[in-house]
Each structure stands twice: as C-alpha cells, then as structure tokens.
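Given next are the chains, with one letter for each unit.
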Amino acid sequence: MQHARIAAPVAPGSGVLLALVILSLVLGTRLARLDQHLTVDDPDARRVLVGFYDVERNPTDLFRWSRPEAALFLFGFDGRPAQTMLRIAAPRGDADPPVLSVSMRGRAVGTFSVAPGWRRYYLLTLTDPAGDTPLLLRTAAYRAPGDGRDLGVVLAEFAALPSNDVVWFPPPVRAIFLASFPVLGWLALLWRAPRRAPERRLLRWIGVAFLVLLAGAAVAFPRVSGYWLPTVGWPWWPLLPLMLVVAWQPMRPLVVRSVARLHALGLPALWGGAGLTLALIVALRLGLPPVIGMSGVAAAVTLAVVASGAYAATATPVERFAYRTEALALVMLTVVALALRLYRLDDIPAGMWRDEARHGMQALRIWNDPTYRPVYVVAGADLPALLFYLMAPVLAIMGPGAGSARLVSALAGAFMPLALWWAARPILGARAAVYGAAFLAWASWGLSMSRWAFPATLDHLLELAAIGTVWRALAQATRWRMMAGMALAGALAALAAYAYHTGRLAPLVFALLTALHLGRDTRAWRRALPGLAAAAVAGMIVLLPLLGFIAGDLEGYNRRTSAVAVANSLSLEKRAVTALALDNAAHYLGMWHIAGDPNGRHHAPGAPMLDPLTGTCFAVGVGLAVARWRTRARIPLVWLALALIPGIFSTNAPHAMRSFGALAPACMLAGMALDTLVVSVRNAISVRWRRVVPAIVAGTLAFSLGFNVWLYFVHMPHDPAVYQNFDLTETAVGRVARAAALADDPRLRAVQVFLDRRLIAQDTVRFLTFDVTVSAFDRGQLSGTVDGDALLILPPEASDDERAAALAALGPAARELDAPLLPNGEAPLFLAYGVGDGASRLLAETFPARR
C-alpha cells in the first residue's frame, strides 16, 4: 500500500477494520439460529430435498416418496456437529423392511431398517466446514402396484439442531471466508482511492462498511447464507488473493524487468507465446491434466499479450482492407457458410429429433389454421413462436421433411458470419471482423446449431444485427438518422426475445454494450438520448404481444427456464446456488479446449467447442481484451460473459444451445488475436517475416476449415453417440411413407404402406406424414385390405410373435425385405415385410446408399 502512492500509515485503518469485522461476526453469531425444521410442503423444502417426488397426501399426512438415491442438505452448520431427525416410513406390502444407509461425502452416518409405519429416527452427523452438507440416503428400489416409479422411503418431516447451545464466534473456516470480503475489499478500494484523494475516503469506508455488514448478516442468517453464499473455493479463496497481495511488492521489480525484456524480444516472444498456447491446447485434447494445461495456457497467453505491447493498435488506416477486398472476402465467406449449412441438409443429421417434428407441426398448424396465431407456445414446444411463423411458408411450399424443416435455421446460421462482421467492424476493425466471420462461418458448433429445426441461431443473428446497427446509428451526423437507426436496433434486439429462451437476454446485452460504447462521456450520452429513447420505444412496441402473453401466463412462460434452472439441479453432492453456478462456470471455462457438451444432438460429444487453431486465437484474444480493457477490445469479452449467463445458471453444463451466444464474441476475440499477430509480422523489420503474412492467414483459416468440416461431416455422422440421439427409425419410416405417396412412378405410388401403430404415434412420423395417408398395423390386424404390392414396417424391437403376425397379415406371398441399416451397419433401422416387387423397389429408391 505504501508503494501505491499512499503516504499516511494504514495501521489505524487496519485496526478499525479488524475490530468492526470481529464485532460483526460476534453479533451475528449471537443472533443466529441454526435449528432447522421442515415439513415436506414447506416452501423451502426444495432447497433441502433432492431426489424426492412431489408432495402426496393420505388421510392423515403429507409426504414425499424418495428415489432409491436421494439427499437432504444441511445449511449453516459449517463443520459443527448436527443432531438430525427424520420422520420416515417404508410401506412395502409383504416385503421385508428395507435397509436405509445414510452417509455424508463417503463417510457412514448410520444404517438401519425402516419400519412400514411412521417413526422418528435420530442421527448425529458431522458437517462439512466448507460448503453445504449432503446426507445421502440409499435404499433398495421398490415399485408399488400400479406405480411405475422407483421408490425409496417416505418422508414427512426433517429437523436438524446444533449439538452445542452457546456459541460466540463462527467456525474458523467460515469466519476467515466471510472476513476476507471486507479485508480484500478494503485493500482494493485503498489501492484505487489513495489517501491523497480525500473526496473518495467516505465512499471507500461506505463500501467497506457494507461488506462488514454483509459478513455479519451471513453469520446471523446461516441457513439463508449457506444456500446463497456458501464457503466455496476453500482454501484457495481467500488465501490465494491474500498471498498475491503480500507477495506483489517484493515481486514487482522482477515483473517489471520481465515485461521490459519481453517488449525487447517483441515478435519472437509474441509468436512463441502463441505457439506454446497451441501446443498446450493440443496437449489438453490428448489428455494433459486440465489444471496443468490451463495454467500453462494462461502463462503462454500472458507471454504473448505482454510481448504484443508494441502492436496494440487494433487497426490503422494503412492496415485496413481495401473495400473491394473486404467485400469479396465477405461474399466468399457467405457462400461457404451457405454451402456448409445446405449440403445434405435432409440427411445430416441422419434423423430428425422429436422436437424438430413438433416445431414443424406448429408451423403447419399456423399455415392451415387462420385462427391459430400464437405468441408463445407452451404445450408441445415451450418456445416463442417466431421460428414457427418463418417455417410455415417454407413447409407449405416444400412439404414436410427434414430438410424443409431445417431450412430456416440453416439460413439464419449461414448469415450469422455476415452479421458478426456487421457488429464487429466498428468495434475491432475490418480485418479482425472478417477473420472472426471466417471462424464463425465453419465452426462445427455453429454447424451443429444451424442444421436442425431449432431457433438457436435466430436470436443471436438478430442480436448481432442490433449491435452493429447501434454503433453505426450513434455515429450518424443528423439526429433523425440516429433516431431511425436506434429504433431499428431496439426493434431487432426486442425481436430476439421471440426466437429462443436465450433471446430474453438480448435487450440486456443491447443496453449494456450501448452503455459501454458511450462510456463516461456525458456529452455523448446527451447527444444519444433521443436515439436511446427511440430504441426503447421501438423495443417496447415490438415486445407488447409477448408482454401481453406473459401477463396472462407467467407460469407457462417460465416453465422451461424454471425446470432447467440451476436451483433445481438434481446433484446429490452440492445444493447451494453459488456452488452450483461456480461449478458450471468451471465447465464453461473448460468447454473451449477440454470437454464440450456431451449431448450428441448439440455437438460432437465431449469434444472441445473450438478447433485447436481457433481455440488458440480465442485464448490469445481473451488475454488481449483484458490487457486492453480501456479500449473497445473489452466489448467482445463483456459480450462473451453475458452470453454465458443462461448456461451458468442452468443445469447440464456445458450446454451448447444455452451458451451458443458465446460463439460469436469468441470468434470476434479470435479474429482480433489473428489480426494482432498479422500486424506484428507486417511491422517487423525483416522483409522475410512480412512475406509470410498471407501464408499465416491462409494456413490458419484453411486448417480451421478442414478440421471443422472433418469433425461435422465425417466424424459425427458415424459416431453412435451422435446419431443415437436422433429419431433415425421414425425419420426413415416417415420418408418411406412420403416416398410412396409422392413418387413419380405409378408402380411405387400403388404400393400400400402399413405402419405399426407405435410408429404412427411418434411425433416425427406424424410430421413427415402430415399430408399423406398412412395405413396402420395394430395387434396383428391391417387397417385395409392388401390389393397388389404392399409394405409393412415394424419397429426394430418388435417381438418374434409380432413379426410372425405381420407376415400372416400380408398373406402367403409376403416375405421379409432388406431394410436400411444404422450408419455403423450393425442393425436395421426398422423391420420391413412386403408383397410384390414394388415394396422392395420403394425401399431401394428411398435409401439408395443404405441397401
């Protein structure tokens, strides 16, 4: 602190702070009540209970059945022993009483038999000094007659009491954790507001006093604070930041000398850091331990960023693209993006997913029913309706099909690179914007999100367009042009809320990035005020229908987001919201280079979300954005953080759809890094270095393109973890039925197609056969008489009796046909039985590559 331009001693302030923190913790401890008593219908029960079914009622009690594995969470004990009471029962008819095993993070707490009737069971358990304490309940599964659920025990009440009555101070781990906030806050504020600025002294002490009161309140309300502010990160927090504060002063001369040497090395250090980053990212893919790999990546990025100080300008007039070159590059990228999203759209992915079919049926209903004009569809989709309106004319013209259903999403994804350039050019410069658009044009993550009938691309396309419009509107010379541009931008940002759940964040992103653009310039704010008002009015007008729906059905609007909220996680290890969110944040930190979304519908399961070279540029770009925080380079980084909010505060992290908004700003950062590397070479003294610039850019982009094309079009279609997540059987069955009804050959149109009733009931088959007539096979009976060629299709899991019944129903001329196979060739997609040559021809022409 003395080195930080603070002339007066800080010891008196330190003493006052320490006294206030201790007093706050003591008072909070004396006011605290640790005892917990909950019934199963208590509003707070969902915080404590995980793995329990909904509340049920009998003539005397309210209760919840547990699953065979469930958990009860204790909050606020922080290492103090707890006396726990469970009022439970295990009615299992004539079966023996089950044995219930209770444990806490692998340590046994108790094992006992649970009686059929209500009993109170008391346990003494240790609690975790850092974080919440899960009591894991395990018992053998039981299924009641007529109930398909796996059941454990029945719970009616739960209570937990501290084992000691008189406490004057929180447990040491909890006390250090809570005290760290005012201490570190005081040090940070002291650093930012030195004592020679008296006007800031009061503000500093108000901030510190708030943190002191927060620590005391956390101790006074242990159950609430244990859920919202648990002791997480121990012992790294707070020991690591405190150690850094202590070590900074002696290390500072070494850091200054190292920075000077890196600046002197210049180009070799910059490219050496980038090369080391690439090597470590490849090593992470090959199994390097994440802690070692990510620490190395951080160090390598720091090396590159420090060495890039001489090349800090994002773009200079000399280095800008010629407009003709820029336009040509954008045309080529758009063509590539369109080609990659339209190529074999009908059969890659190989099958539709049931939600794609439901979205298609919503679109067909909108087209065919003039009284059906939804704003938000709760039943059957749980989505805003913009995608369905856009799909409706396409399906009306092209007919139901996988390719026609996916076309709108594919086109939206294809134009996202152009929208990224539109948004990034005024922020990062022309060349960085074009590089970022290139990375986005062929990113396998973007291809996965674009090539299915889902609105994941729509809201981000609109958001990018809105941000690019804002930057240009605020630069207009006349007020009316500025107001018109801002009104358009506000309308685009509001329209994103009609696309997907993550679109709800678009108005917030719009507002925050606009505020960052205007900064602290009061004159800029005054000048922009009419435009901001126009954006707000236009946005509200666009949102009026959605706001009207929300006013009428708030529960339906939030049903899906509530179901996947992090507070409703089914984790049996952690329950505190902050702990779960930090775990999710760690998964999203690792998804770029270590392990991505495991769901094969969203991306290659477990594969990092970026290819190695794009990932390297992205990592360097993050470092550059941090180093250039006071410039526009911070905009993509802030945008990235905002885009990760839906994923961090929901379950199943990392989730490629909920975090898809992070791809565009990530590509912006990657483009900025590649631009910095190119500028560094062009500014080099050696002519030889300058000559390699085109090869560097071409090689980077070509490798990135090749890697992503291989991953999506070669690897993923043959990966069982991908295609098994789609409805391959139902899609193939629907295609056969459509091919028979719409064939040009009269002999094929004459083939009668019978589908098993279980297949007809599937959403994908219902969508694909929406406008054709299909006959049914139900319990050995055909819905029509076989007259000529006929084809009967059963699901692949049909029993031997069902197969025999199918042959018998078709008559003595029936035979089993060769059905198309799964992509790995190991099993048929369905079972096919036919009469006449037309049935086999129909299959052969419908699946020419899978005979």
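Everything numeric here is computed off the predicted structure, so don't read it as measured data.

Rules and cut-offs
- Residues numbered from 1 in each chain as written.
- Predicted model: local features only at pLDDT ≥ 70, side-chain atom pairs only at ≥ 80, totals over all residues.
- Heavy atoms only, no water.
- Helix = DSSP H or I, 4+ residues; strand = E, 2+ residues; numbered from the N terminus.
- Rg over C-alpha atoms; globule rule 2.2 N^0.38 Å.
- Buried < 20%, exposed > 50% of the residue type's maximum accessible area, 1.4 Å probe, protein only.
- Contact = heavy atoms within 4.5 Å.
- Areas by Shrake-Rupley, 256 points an atom, 1.4 Å probe, with all protein chains shown as cover.
- Expected span 1.5 Å × (residues − 1).
- Phe/Tyr/Trp six-rings, centres within 6.5 Å; stacked < 30°, edge-to-face > 60°.
- Lys NZ or Arg CZ within 6 Å of the ring centre and 35° of its normal.
- Core = buried A, V, L, I, M, F, W, Y, C linked by side-chain atoms within 4.5 Å.
- Axes fitted to C-alpha atoms, helices over the stretch in contact; angles between N-to-C directions.
- Parallel < 35°, antiparallel > 145°, perpendicular 65-115°, else oblique.
- Left-handed = near helix turned anticlockwise from the far one by under 90°.
- Nonpolar A, V, L, I, M, F, W, Y, C, P; charged D, E, K, R; others polar.
- Pairing = 2+ DSSP bridges.

Caption draft 1: View of the overall build of the chain. Secondary structure summary: the chain contains 35 helices and 18 strands in total. For the chain, the C-alpha radius of gyration of 31 Å lies close to 29 Å, the compact-globule estimate for 851 residues. Taking the principal axes of the C-alpha coordinates as reference, the chain spans close to 105 × 80 × 50 Å. Taking all 851 residues of the chain together, the buried fraction comes to 53%. Once local pairs closer than 6 in sequence are excluded, the contacts in the chain between residues at least 24 apart make up 76%. Counting every atom, the chain has about 38,100 Å² of accessible surface; 64% of that belongs to carbon and sulfur.

Caption draft 2: Region of the structure containing helix H26 (residues 663-682). Taking 1.5 Å of rise per residue, the 20 residues of H26 would be expected to cover 28 Å, and the 28 Å separating its terminal C-alpha atoms lies within 8% of that figure. Burial analysis of H26 places 19 of its 20 residues in the buried class, which makes it a mostly covered element.

Caption draft 3: Representation of unusual backbone geometry in the model. Cis geometry marks the peptide bond from Ile-348 to Pro-349, where omega comes out at 0°. With respect to the helices and strands, the residue Pro-349 is situated in the loop between helix H9 (323-342) and helix H10 (354-368). Despite not being glycine, Arg-105 has its phi angle at roughly 50°, a positive value. Phi at Arg-344 takes a positive value of approximately 50°, unusual for a residue other than glycine.

Caption draft 4: Representation of the packing of aromatic side chains in the model. Taken as a whole and assessed by the stated rule, the structure comprises 21 aromatic pairs. Ring pairing ties together the aromatic residues Phe-73, Phe-75, Tyr-227 and Trp-228, which thus form one cluster. The lysine or arginine in question, Arg-87, covers the ring of Trp-118, its NZ or CZ lying 4.8 Å from the ring centre. Across the ring face of Tyr-372, the terminal group of Arg-365 is positioned such that the distance to the ring centre comes to 3.7 Å.

Caption draft 5: Structural detail: the nonpolar core. Counting 181 residues, the largest nonpolar core has Leu-791 and Phe-830 as its most contacted members. When near neighbours in sequence (up to four residues on either side) are disregarded, Phe-830 contacts Thr-729, Ala-732, Val-733, Val-736, Ile-793, Leu-794, Pro-796, Ala-819, Pro-820, Leu-843 and Phe-847. Core analysis: the second largest hydrophobic core is formed by 39 residues, Ile-88, Leu-136, Leu-137 and Val-153 among them.

Caption draft 6: Here's a closer look at the packing of helix H13 (residues 416-428) against helix H14 (residues 430-442). It is the contact of H13 with H14, at a shortest axis distance of 8 Å, that shows an interaxial angle of 155°. Compared by their axis directions, H13 and H14 come out roughly antiparallel. Along this stretch, H13 crosses H14, giving a crossing that reads as right-handed. Taken together, the residues of H14 that come into contact with H13 (itself represented by Met-416, Pro-417, Leu-420, Trp-421, Ala-424, Arg-425 and Leu-428) are Ala-430, Ala-432, Ala-433, Val-434, Gly-436, Ala-437, Leu-440 and Ala-441. Here the residues of the contact of H13 with H14 are counted per class, giving 13 nonpolar, 1 polar and 1 charged.

Caption draft 7: Fine view of the environment of Asp-96. Inspection of the secondary structure assignment puts Asp-96 in the loop between strand S5 (82-89) and strand S6 (99-104). Separated by 192 residues in sequence, Asp-96 and Leu-288 have C-alpha atoms that sit 50 Å apart.

Caption draft 8: Up close: the sheet that holds strand S17 (residues 815-817). The 6 strands are arranged S15-S14-S13-S16-S18-S17 in an open sheet whose pairing can be described as mixed. In the strand order of this sheet, the two ends are held by strand S15 (781-782) and S17, each with one partner. With 5 bridges connecting them, strand S16 (residues 790-794) and strand S18 (residues 831-835) associate as antiparallel partners. By the bridge assignment, Leu-792 is partnered in S18 with Tyr-833. With respect to the sheet, helix H35 (residues 837-846) is in contact with strand S13 (752-756), S16, S17 and S18, its orientation differing from that of S17 by roughly 10°.

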